[in-house]
Amino acid sequence: MRSDGRSTVFFYRLVIAGLFLAGFFLLVVFGARTYRSIAAGQEQNSRARALLSYLSVCVKGNDTEGAVTVSQTDEGPVLVIADGVSGYAIRIYREGNRLLEDYGKADAPLNPAGAQVIGETKVFSIETGADGLFEVTTDAGKTLFHVKCKEAPDE
Amino acid sequence: MSREGMRNRGKKQARPATAFYMETLMLAAVFVAVILVLVRIFALSGQMSGRAGILTCAVHLAENAAEAAAASENPETLKELLEENGNVRLQESGGECMLCAWYADDMSPAPEGDFRVDIRWASAESAGEGLPRSTITVYWEEEAVYTLEIACRQEVTS
């Protein structure tokens, strides 16, 4: 009788310990999955802001007469944002799957080796519309920016 | 041993077992409460992460609408700039002009999308001496997520 009582208590303790371990294990798995989805969402948000809003900020900071132009290369379009009248410019272009930004003389060749990586994108296209509206398309979507300073009319 | 002694001995054996079961039940109850609180926290954090993604998209859609409005002289021009796949509707009521543009979750133009960008166009005549102020409101599933007020400036030539 005594051994039966002891085995019942032992079995009971085993079940309780197993339930605790199972609950702890499920909690850890659920927490890890939640953290992974949150980290992925945060990365996606940061990528969208880098590929979209950063271009608009670059243009707004250098919105002067005729500052924003688009040139074409074998790799694709290049967004050239002149830095005032210094003769230097910010050039934004795609090489491979990366969107790059470099700073150099406006008429100098592109320097991908010394460029800063803005983000990863397989698509980079620029459309110019009427009244100074530019439409830039990347993997993260489309961004519009309006250039307020137009070229001065010929006298 | 007397009968009373044997009875007392049985009670003493029963008390430790009863105490054990009670303590185990209390421990299990506390453990379940802790798990429920942590699961609630995890679910809440996931929900906030989803809201952050929606807000990021809403801010960007509002930025695009503001840039297009700055490049437009009238609501019809703004409609032409934003319209793609028939996702823009222009309606006038009571002297006010309202544009509604719909976008999908990936910010692509979609007439049946969950995002709706409402642009209340303010004409120069209504502004008087000041700058005309337009209001851009972004809705997600009919809930206002982000509101942006813009004042369109005149063309600048140097």
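Residues numbered from 1 in each chain as written. Chains lettered and ligands numbered in written order. Predicted model: local features only at pLDDT ≥ 70, side-chain atom pairs only at ≥ 80, totals over all residues. Heavy atoms only, no water.

A. The arrangement of the overall build of chain B in detail. If you tally the helices and strands in chain B, you get three helices and six strands. The linear arrangement of helices and strands in chain B, starting from the amino end, is α-α-β-β-β-α-β-β-β. Across the 158 residues in chain B, those meeting the buried criterion constitute 33%. Put simply, of all contacts in chain B between residues at least 6 apart along the chain, 33% involve residues at least 24 apart. Summing over all exposed atoms, chain B offers an accessible surface of approximately 9900 Å²; the carbon and sulfur share of this is 55%. (Helix = DSSP H or I, 4+ residues; strand = E, 2+ residues; numbered from the N terminus. Buried < 20%, exposed > 50% of the residue type's maximum accessible area, 1.4 Å probe, protein only. Contact = heavy atoms within 4.5 Å. Areas by Shrake-Rupley, 256 points an atom, 1.4 Å probe, with all protein chains shown as cover.)

B. Fine view of unusual backbone geometry. All names here are of chain B. Not every positive phi belongs to a glycine, and Met 107 is a case in point at roughly 65°. Its place among the elements puts Met 107 in the loop between strand 2 (96-103) and strand 3 (115-121). Residues other than glycine seldom take positive phi values, yet Glu 142 does so here, at roughly 65°. Its location among the elements puts Glu 142 in the loop between strand 4 (133-140) and strand 5 (143-151). Look at Glu 142 and you get exposed, because its relative accessible area is 61%.

C. Molecular detail of the packing of aromatic side chains. Inspection of every chain in the model, using the stated rule, returns seven aromatic pairs over all chains. Geometrically, the ring pair formed by Tyr 12 of chain A and Phe 20 of chain B is edge-to-face, given 5.9 Å between the ring centres and 75° between the ring planes. Here the residue Tyr 12 of chain A occupies a position in helix 1 (residues 2-61), and Phe 20 of chain B occupies one in helix 1 (residues 3-70), the pair thus bridging two chains. A relative accessible area of 24% places Tyr 12 of chain A in the partly exposed class. Ring geometry for Phe 20 of chain B versus Tyr 21 of chain B: centroids 5.7 Å apart, planes at 55°, classification tilted. (Phe/Tyr/Trp six-rings, centres within 6.5 Å; stacked < 30°, edge-to-face > 60°.)

D. A look at the interface of chain A and chain B. Contacts between the two partners involve 34 residues from chain A and, on the opposite side, 32 residues from chain B. Taken together, both faces of the contact between chain A and chain B bury some 2900 Å²; the carbon and sulfur share is 64%. Summed over the three residues of chain A that lose the most area to chain B, namely Phe 20, Leu 27 and Leu 144 of chain A, the buried surface amounts to 19% of that side. Linking chain A with chain B are two salt bridges. A salt bridge links Lys 142 of chain A to Glu 84 of chain B, with the nearest nitrogen and oxygen atoms 3.0 Å apart. Our enumeration of links across chain A and chain B arrives at seven residue pairs in polar contact (both at pLDDT 80 or more). At the level of elements, helix 1, strand 8 (141-146) and strand 9 (149-150) of chain A are the ones that each hand at least two residues to the side of chain A that touches chain B. Taken together, the residues that form the side of chain A that touches chain B break down as 16 nonpolar, nine polar and nine charged. (Buried area = accessible area lost by both parts, 1.4 Å probe. Salt bridge = Lys/Arg side-chain N within 4 Å of Asp/Glu carboxyl O. Polar contact = N/O pair within 3.5 Å; in protein donor to acceptor, adjacent residues only side chain to side chain. Nonpolar A, V, L, I, M, F, W, Y, C, P; charged D, E, K, R; others polar.)

E. Representation of helix 2 (residues 75-82) of chain B. Buried residues of helix 2 of chain B: Pro 75, Leu 78 and Leu 82 of chain B, and no others. For helix 2 of chain B, the angular spread of the buried residues around the axis is 55°, confining them to a single face. (Arc of directions from axis to C-beta.)

Just distances and angles here, no functional claims.
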